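Read off the chains here:
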Amino acid sequence: MNTYNIKNITLLAAAALPLLLGAASPAAAQNAAAKPTVVLVHGAFADSSSWDGVTAKLQADGYRVIGAANPLRSVKGDAEFVASVLKSVGGPVVLVGHSYGGSVITAAANGQANVKALVYVSAFAPDKGESALDLSNKFPGSTLGPALAKPVPLAGGGTDLYIDQQKFPAQFAADVPHAKAVLMAAGQRPVTDAALKEASGEPAWKKIPSWSIYGKQDKNIPPAAMAFMAERAKSRHTVTVDGASHVVMVSHPAEVAKLIEEAATAK
């Protein structure tokens, strides 16, 4: 092969490389940069794997996703941790919380200029002075109390709460395949009793637009309570899912991802 042919092949390969890589093209890079990062905050008795279905759909649509490991120790402390995650993101953020994680994002987004939207997924959206326990008891329908296992004492005082593994599928994930719900029960992370009783500070939803989605068969947080909170927060779009349990993001990831993307693209 002569020098001329080798040079031509090299030039052709260099020209084709951006096409092969796809994302390396300026247009693709600009499109990715235009999308906000989605930060997902799990709630009590769960972990970040509860977002797997939602994460897969968001990533397929070109979103960067971060599953924040919620400590589940105290609203204030957990919010400070999530705020540190938000500060590490170099661009706009859609902040999403499930269950008790809603209390956490309500506090964490305060003072974070890059948070453009809040999405509450079967979640608490407390006002100042309210706790998760207060809101659970505001309307009838929660059966969480009787489903809890014996509290686990902590070395420094207080207790950790778990859902009884035998009761977990029916209580927490009734519309999830039983085999998966059993695995979720075994891997659940505890929340402190104090965190559920802790009064919330000034809510971020008074300044940041919010969206809400929840299941009509939620046994942890009464659907009436979530409807009340969504209306109070002036939710731009509230979605209710027929037959869905407390883990609507596990059983209906497409609907949850769609609402998150709606929040991400809202003006």
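Given the structure is predicted, the values throughout are model-derived calculations rather than measurements.

Asks: How would you explain the sheet that holds strand β7 (residues 191-192) if you had to name every residue and give the values?
Replies: Pairing within the open sheet is antiparallel, and its three strands lie in the order β5-β6-β7. Every other strand in the sheet has two partners, leaving β5 (152-153) and β7 as the edge strands with one partner each. Note: β5 against strand β6 (residues 159-161), two bridges, orientation antiparallel. Bridge assignment links P153 to a residue of β6, and that residue is T159.

Asks: How would you explain unusual backbone geometry if you had to name every residue and give the values?
Replies: Positive phi values are uncommon outside glycine, yet F45 reaches one of about 65°. Structurally, the position occupied by F45 is in the loop between β1 (37-41) and α3 (52-60). Given the relative accessible area of 3%, F45 is considered buried. Positive phi, close to 65°, is recorded for L72, a residue that is not glycine. When you line up the elements, L72 lands in the loop between β2 (65-68) and α4 (75-87). Taking relative accessible area as the criterion, L72 reaches 0% and is therefore assigned buried.

Asks: Can you break down the nonpolar core residue by residue, with the values?
Replies: One finds L95, L118 and I260 to be the most contacted residues of the largest nonpolar core, which totals 78 residues. When residues in this core are grouped by element, the largest group, seven residues, is from strand β4 (residues 115-123). If sequence neighbours within four positions are ignored, I260 has contacts with V38, L40, V54, L58, V94, V96 and V119.

Asks: Lay out the pattern of salt bridges with the relevant residues and their values.
Replies: All chains considered together, the criterion is met by seven salt bridges. Put simply, D127 and K206 hold a salt bridge, and the shortest N to O gap is 3.5 Å. Residue D127 is found in the loop between β4 and α6 (132-136), and its partner K206 is found in the loop between α10 (193-197) and β8 (210-215); the two are separated by 79 residues along the sequence. What emerges from the salt-bridge pattern is a single network uniting D127, E202 and K206.

Asks: Outline the environment of A173, supporting the account with residue identities and numerical values.
Replies: Summarising the element assignment, A173 is placed in the loop between α8 (168-172) and α9 (178-187). Spatially, the C-alpha atom of A173 lies 8.2 Å from that of S251, the residues being 78 residues apart in sequence. With near-sequence residues (within four places) excluded, A173 lies in contact with F168, A181, M184, S245 and V247.

Asks: Report on the packing of α4 against helix α5 (residues 100-108), specifying residues and quantitative values.
Replies: Angle between the axes and distance between the axes are the two parameters that describe a pair of packed helices. Closest axis-to-axis distance for the α4/α5 pair is 8 Å, and the angle between their directions is 65°. For the pair α4 and α5, the sense of crossing is right-handed. Contacts between α4 and α5 involve V75, D78, A79, V82, A83 and L86 from the first element and Y100, S103, V104, A107 and A108 from the second. Partitioned by chemical class, the residues of the contact of α4 with α5 number nine nonpolar, one polar and one charged.

Rules and cut-offs
- Residues numbered from 1 in each chain as written.
- Predicted model: local features only at pLDDT ≥ 70, side-chain atom pairs only at ≥ 80, totals over all residues.
- Heavy atoms only, no water.
- Pairing = 2+ DSSP bridges.
- Helix = DSSP H or I, 4+ residues; strand = E, 2+ residues; numbered from the N terminus.
- Buried < 20%, exposed > 50% of the residue type's maximum accessible area, 1.4 Å probe, protein only.
- Core = buried A, V, L, I, M, F, W, Y, C linked by side-chain atoms within 4.5 Å.
- Contact = heavy atoms within 4.5 Å.
- Salt bridge = Lys/Arg side-chain N within 4 Å of Asp/Glu carboxyl O.
- Axes fitted to C-alpha atoms, helices over the stretch in contact; angles between N-to-C directions.
- Left-handed = near helix turned anticlockwise from the far one by under 90°.
- Nonpolar A, V, L, I, M, F, W, Y, C, P; charged D, E, K, R; others polar.

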